[in-house]
Amino acid sequence: MLNEVPTLIHNCSSCSLAEIWFEEDGSDVYLNLNRVATEEDLESDHYLEYEGQTIETVQIQVAFCPYCGQKLVSGKEAVVPQFQHYNFGGRR
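Residues numbered from 1 in each chain as written. Predicted model: local features only at pLDDT ≥ 70, side-chain atom pairs only at ≥ 80, totals over all residues. Heavy atoms only, no water.

**Comments concerning a negative patch on the surface**
Step number 1: Together, E39, E40, E43 and E51 give the surface a local cluster of negative charge.
Step number 2: Tracing the backbone through its elements, the reader meets E51 in the loop between α1 (39–44) and β3 (54–62).
Step number 3: Judged by its relative accessible area of 53%, E51 falls in the exposed class. (Patch = residues over 30% accessible without salt bridge, like charges linked within 9 Å, V, L, I, M, F, W, Y side chains within 5 Å. Areas by Shrake-Rupley, 256 points an atom, 1.4 Å probe, with all protein chains shown as cover. Salt bridge = Lys/Arg side-chain N within 4 Å of Asp/Glu carboxyl O. Lys, Arg positive; Asp, Glu negative; His and termini not counted. Charge placed at Lys NZ, Arg CZ, Asp CG, Glu CD. Helix = DSSP H or I, 4+ residues; strand = E, 2+ residues; numbered from the N terminus. Buried < 20%, exposed > 50% of the residue type's maximum accessible area, 1.4 Å probe, protein only.)

Structural data, given as structure tokens:
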């Protein structure tokens, strides 16, 4: 189903204060962080269109929540660190 809401993997009060969420891909769990545009960003980067627009996204494979320490993967002892970084703004 296209509009299916993903199951909440982890609910951490620290994550509710920013654009942070966890995604599960098979047995791997990824922490996703978004940086959104502020008014100052709009003034300095003509590629950005509106306040709140996603500027950067980082996805990092994790085994534990970095904020509360709860284990997020079951039965997996070793995590091979992986990450992806996307920059959507004009500045590099």
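**Some thoughts on the sheet that holds β3**
Two strands in a sheet stick together by hydrogen bonds in their backbones, pointing the same way (parallel) or opposite ways (antiparallel).
Step number 1: If you walk across this open sheet you meet the four strands as β1-β2-β3-β4, and the pairing is antiparallel. Every other strand in the sheet has two partners, leaving β1 (20–25) and β4 (83–87) as the edge strands with one partner each. For this sheet, the mean inter-axis angle between neighbouring strands, taken without regard to orientation, is 20 degrees. (Pairing = 2+ DSSP bridges. Axes fitted to C-alpha atoms, helices over the stretch in contact; angles between N-to-C directions.)

**With respect to the pattern of salt bridges**
Step number 1: As enumerated under the stated definition, the model contains two salt bridges in all.
Step number 2: As a salt-bridge pair, D41 and R35 come within 3.4 Å of each other at their nearest N and O atoms.
Step number 3: Classification of D41 as buried rests on a relative accessible area of 8%.
Step number 4: The class of R35 is partly exposed, set by a relative accessible area of 36%.
Step number 5: The network of salt bridges with shared partners includes R35, D41 and E56.

Such coordinate-based values are descriptive only and should not be taken to indicate function.
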